[in-house]
Amino acid sequence: MLLCPPVKLAVPTESLAGERRVAIIPDIAAKLAGSGIEVAVQAGAGHAAHFPDAAYVDKGATVVADRTALLAGADVVAKVQPPSLEEVAALGPGTSTVSFLAPSNHLDVIRALADKKATAYSLELVPRISRAQSMDALSSQATVSGYLAGLAAAERLPKFFPMFMTAAGTVPPAKVLVLGAGVAGLQAIATARRLGAQVRAYDVRAAAKEEVQSLGASFVELELETQEGSGGYAREQSEDFLARQRELIGNEVAASDVVITTAAVPGRKAPILVTTEMVDRMAEGSVIVDLAADGGGNCELSEPGKEVERAGVIVYGMTNPPSAMPTHASFLFSRNVANFVGLLVTDGNLEPDFGDEIIAGACVVRAGDDLVAEVGL
Ligand code: NAD
């Protein structure tokens, strides 16, 4: 019987400035080895997420100092961020990549991958079906973002989140409003509730009401029709809808100590939910944390990565929040990647079945040929 060589999976150090996550952590390297996949990591790849090289070696992975050699020798390259043009240039022909790819924002990279006859999978495009839940990196990373948004707001608010009854007097709980109650929003609600705040939330999807209430928060009812899209996502709202929403939500925003915004519509600019006029109506010391800052922001005043102050109100536009909690963000992300790679490998061979809706859905470039047209090239 002919033994085929093991599938080689390479994990380079993330090259995007400020990115501290790593695509595969040592425990997952060991798990992949058990399925006949050899993991090689670039020296220092896990360092910023607190996974030292020695931990990878302990789990049977190889540590490679030369990044170019690592990439050139790989069958599959696993990354958090989209590959850079320089990384694509170093790939051997026919390599597969698994990462976030944000295809419409990285057309040059998609073109370079196609030229390399690579096969590229975008984790954002994994369909949201039950079988793919363990590969849903958008959700796992949104969980981290939502948690951190709750903490970032509590840290910046010059007030307690919980109610305190002390000998010196009673302190009322902070009033937190969460706009957008998807994965990140629900986690922000849960975090603010655990800290004792009084939480209200609004989302355009009907299903969100029950989920918000199950976390002990109240749902803000607005006289607006729901905006259901496909795959559990909201559909893009008209400017007329958004104008009415802003009109109706204004008093809620003004009465809140904290507003956390998480509203996104995939592939589109984030809708403006909080205007400058609303910020001006908030009390001094109030805080807005905008998780949509990377996508243009839900608050008119948001600037990505910055804390803007306007008349005593802080507007914090968080960028790449999961990178700020890299150990557990990587812990979850690497499980998503390993589960996805597990689908691509059968009996130790890299043999993706493009009849599988998860593989076909996530594939942006297939051995350099078709699908490129779908992302607008
Ligand atoms: P997202 O990051 O695209 O958007 C965040 C939230 O913002 C969504 O809940 C959306 O409805 C909301 N939103 C958009 N425009 C808004 C507006 N104008 N005002 C208020 N809210 C607005 O979404 P997400 O968190 O990734 O996912 C949304 C939902 O998808 C989840 O809550 C869940 O129900 C579903 N989901 C399903 C699966 C699955 O079936 N495997 C996996 C993950 C999520």
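Residues numbered from 1 in each chain as written. Predicted model: local features only at pLDDT ≥ 70, side-chain atom pairs only at ≥ 80, totals over all residues. Heavy atoms only, no water.

## Description of the sheet that holds strand 4 (residues 76–78)
So the rule is basically this: One bridge is not enough; two strands pair if DSSP finds at least two bridges between them. To qualify as a helix, a DSSP run of H or I must reach at least 4 residues; to qualify as a strand, a run of E must reach at least 2; elements of each kind are numbered from the N terminus. An axis is simply a line fitted to the C-alpha atoms; with a helix, the fit covers only the stretch in contact. Between two such axes, the angle follows the N-to-C directions and lies from 0 to 180 degrees. Here a residue-residue contact requires only that any non-hydrogen atoms of the pair lie within 4.5 Å.
Spatially, 3-2-1-4-5-6-18 is the arrangement adopted by the 7 strands of the open sheet, whose pairing is mixed. Here the strands that pair on one side only, and so sit at the sheet edges, are strand 3 (62–64) and strand 18 (363–365). For this sheet the average axis-to-axis angle between neighbouring strands, irrespective of direction, equals 25°. Bridge count between strand 1 (residues 7–11) and strand 4: 2 bridges; the pairing is parallel. Among the inter-strand pairings, A10 is bridged to a residue of strand 4, identified as V77. Together, strand 5 (96–99), strand 6 (119–122) and strand 18 form the strand contacts of helix 5 (residues 107–115), whose direction differs from that of strand 18 by roughly 75°.

## Quick look at the packing of helix 1 (residues 26–34) against helix 11 (residues 326–344)
Working note: a packed helix pair is described by the angle between its axes plus the distance between those axes. Going by this rule: Between 65 and 115 degrees an angle is taken as roughly perpendicular, under 35 as roughly parallel, over 145 as roughly antiparallel, and anywhere else as oblique. When the near helix sits turned anticlockwise from the far one by under a right angle, the crossing is termed left-handed; a clockwise turn instead gives a right-handed crossing. As a working rule, the residues Ala, Val, Leu, Ile, Met, Phe, Trp, Tyr, Cys and Pro are called nonpolar, Asp, Glu, Lys and Arg charged, and the rest polar, with Gly in that last group.
At their nearest, the axes of helix 1 and helix 11 sit 9 Å apart, and the two run at 15° to each other. Here helix 1 lies roughly parallel to helix 11, going by the angle between them. The hand of the helix 1/helix 11 crossing is right-handed. Along the contact surface, helix 1 presents I28, K31 and L32, while helix 11 presents S334, R335, A338 and N339. Looking at the contact of helix 1 with helix 11, its residues break down into 3 nonpolar, 2 polar and 2 charged.

## Observations regarding the side chain of S334
Short version of the rule: Pairs of N or O atoms are called polar contacts if they sit within 3.5 Å, as long as, within protein, a hydrogen donor faces a hydrogen acceptor (for residues adjacent in sequence, only side-chain-to-side-chain pairs).
Relative to the helices and strands, S334 resides in helix 11. Reaching out from S334, the side chain makes a polar contact with the backbone oxygen of F331 at a distance of 3.3 Å. Those residues in contact with S334, other than ones at most four positions away along the chain, are A23, I24, I25 and I28.

## Considerations on the environment of I272
Following the sequence through the fold, I272 ends up in the loop between strand 12 (258–261) and helix 10 (276–281). Between the C-alpha atoms of I272 and F354, which are 82 residues apart in sequence, the distance is 39 Å. Residues in contact with I272, not counting those within four places in the same chain, are R246, G297, N298, C299 and E300.

Any functional reading would require information that these geometric values do not contain.
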